[in-house]
Amino acid sequence: ARDFQDPPSLQEKTEVLLREWIQMYHSPTAGQGSASAFQHFVKQMNLHGILKTDDLITRFFRICISMCRDLCVRSILEQGQGPTQTYVRSKCFQNLDAFVRLIALLVKHSGEASNPTTKINLLNKVLGLVCGIMIHDIETNSGEFQQLPYHRILIMLFVELNAPEAILESINLPVLMAFTQTLHLLRPSKCPGFAYAWLEIVSHRVFIGRMLAITPQQKGWSMYSMLLADLFKFLAPFLRNAELAKPLTMLYKGTLRVLLVLLHDFPEFLCEYHYGFCDVIPPNCIQMRNLILSAFPRNMRLPDPFTPNLKVDMLPEIAVSPKIHTNVASLIHPTEFKKNLDSYLKNRTPVTFLSDMRTFLQASSEPGMRYNMSVMNALVLYVGMQAISQIHSKGLTPSMSTIAHSSHMDIFQNLAVDLDTEGRYLFLNAIANQLRYPNSHTHYFSCTLLHLFAEANTEAIQEQITRVLLERLIVNRPHPWGLLITFIELIKNPSFKFWSHEFVKCAPEIEKLFESVARSCMVPKQVLREGEA
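Residues numbered from 1 in each chain as written. Predicted model: local features only at pLDDT ≥ 70, side-chain atom pairs only at ≥ 80, totals over all residues. Heavy atoms only, no water.

*Asks:* Honestly, the packing of aromatic side chains in this entry has me stumped. Any pointers?
*Replies:* Two measures describe an aromatic ring pair: the distance that separates the ring centres and the angle between the ring planes. This model, assessed by the stated rule, comprises 25 aromatic pairs. A ring pair is formed by Phe158 and Phe207, whose centres lie 4.9 Å apart and whose planes are at 50 degrees; its orientation type is tilted. Of the two residues, Phe158 sits in helix α6 (residues 148-161) while Phe207 sits in helix α9 (residues 205-214), which places them 49 residues apart along the sequence. The buried category is assigned to Phe158, whose relative accessible area is 0%. Accessibility expressed as a relative area gives 0% for Phe207, which makes it buried. With centroids separated by 6.2 Å and ring planes inclined at 75 degrees, the aromatic side chains of Phe498 and Phe503 adopt a geometry described as edge-to-face. Both residues of the pair, Phe498 and Phe503, count as buried. Members of the aromatic cluster, each reached through a chain of ring pairs, are Phe158, Phe179, Phe207, Trp221, Tyr224, Phe232, Phe269, Tyr273 and Phe277. (Phe/Tyr/Trp six-rings, centres within 6.5 Å; stacked < 30°, edge-to-face > 60°. Helix = DSSP H or I, 4+ residues; strand = E, 2+ residues; numbered from the N terminus. Buried < 20%, exposed > 50% of the residue type's maximum accessible area, 1.4 Å probe, protein only.)

In structure tokens form, the structure reads like this:
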């Protein structure tokens, strides 16, 4: 709309109306929820012809948003940073909150109560204008861009439109969808200057509560998972290269805090969407991934992994498949690779599949980026799920004996041997990403990792398996349950001869590290060595 000339005097009319509304909003006679003020103001809007056409309403909103932004920015720049900052914010909020209340009232009372389409169309119009003005603002004032007015408009509008009012019940879900789409358009990778404000909105208690708790049938979960994935994707290249300047460090710490809130209050959400999150988090982000993988359903009582002689295969939960909201099969491409994979799993043909597999997984020749991590993750989980299904179809459960000598294990053993160090690390990480709370995936992949260790033809493979487990255990808690039981079994079971391997005692500091981790796992090392003897 900014590309077209506004009608004569519209700017002046809008300014007069906006100032009048702000005064009415703050007046003691505004009424509950500004109802009385709104009735009077609508008459004023009609008097000035603002509500005559869709185009005039759009222009009115555009000018109002720009004016509120300009007033706010001017106040910030005049006062600067310091003790007056709180006063400046309060002054800005007086204008912004009044404007937001006007939008909310217009949305609530537009169209018929039985037809929410008009209300949502108006909301989408306003959100679209906020997006357009903000993006233009970032492009033209990148160094001087101020997040505050846009943040306040968006979060307060969300709060207003999610108030417990009967008139809003019919538009609850469409409002969530509209805001999700808006925040997706304004994601940090598109608008890095808005990243802090964006994260504040996404982590706001009202936003999280509405998305993950109040909306029935978990209809907000997939929307919220998309926004979290947007955040991880923005951070990924910086985290991958460990290039965290102070502003990015703050964003990273904020992200960890959001994950801690989700782990505490909405663990089922992290359980069900763990795959998609781990798919976009770089392999070296161990702490972040552990927070996600440590989640377990609140109705489950987690068995103590340090219990002596814990019989994992006897736990009732171990036979239950976890919910995963990702179509893993669709992520395995190209089509030829998926077709050959299914054929090999079924009848071990074509015979060249195992030798060709590495080619399909390679993405480039650039060190650190040689493999397609997304395809690797999908391949590992898909093959594991097929293996579990086949074992269950025979009336058996995964164990060191039932997982061996199958087409599924052929694929895993080939990957362990045939891939170079970089590829094998990604492959083993893909397995470790499934070591979570007690379920059939955790059990199968725990057995698989231990089987690969036992059957490895070189100590290099065993050392890399140990590294993948150890690096996830030496960071701060929490640690995933499945990770702990796998590592405890590895160092405790004499059949793996763990303490006799050269990489364990290659240097005194390395041996001390293993002893320290063994102690934290409550397994005395001398007992282990006596067992091996």
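*Asks:* What should I look at first to understand helix α16 (residues 373-393) in this one?
*Replies:* Residues spaced three or four apart along an α-helix face the same direction, because each turn holds 3.6 residues. For α16, which comprises 21 residues, the first-to-last C-alpha distance of 30 Å matches the rise-based estimate of 30 Å (1.5 Å per residue) to within 8%. One side-chain oxygen of the residue at the start of α16 lies 3.2 Å from the amide nitrogen of Ser374, identifying that residue as Asn372. Once α16 ends, the next one or two residues include Gly395, with phi positive near 75 degrees. (Expected span 1.5 Å × (residues − 1). Polar contact = N/O pair within 3.5 Å; in protein donor to acceptor, adjacent residues only side chain to side chain.)

*Asks:* Before we go on, may I ask you to explain unusual backbone geometry in this structure?
*Replies:* For residues other than glycine, phi is negative in most cases, and the peptide bonds are mostly trans. Residue Pro334 is reached from His333 by a cis peptide bond, and omega for that bond is 5 degrees. If you trace the backbone, Pro334 turns up in the loop between α13 (286-293) and α14 (335-347). Cis geometry marks the peptide bond from Thr349 to Pro350, where omega comes out at 0 degrees. Its identity as a non-glycine residue notwithstanding, Ser34 has a phi of 60 degrees, on the positive side. Relative to the helices and strands, Ser34 is located in the loop between α1 (10-26) and α2 (35-47). In this model, Arg348 sits at a positive phi of 60 degrees, which is unusual for a non-glycine residue. Note that Arg348 resides in the loop between α14 and α15 (353-361). A relative accessible area of 38% means that Arg348 is categorised as partly exposed.

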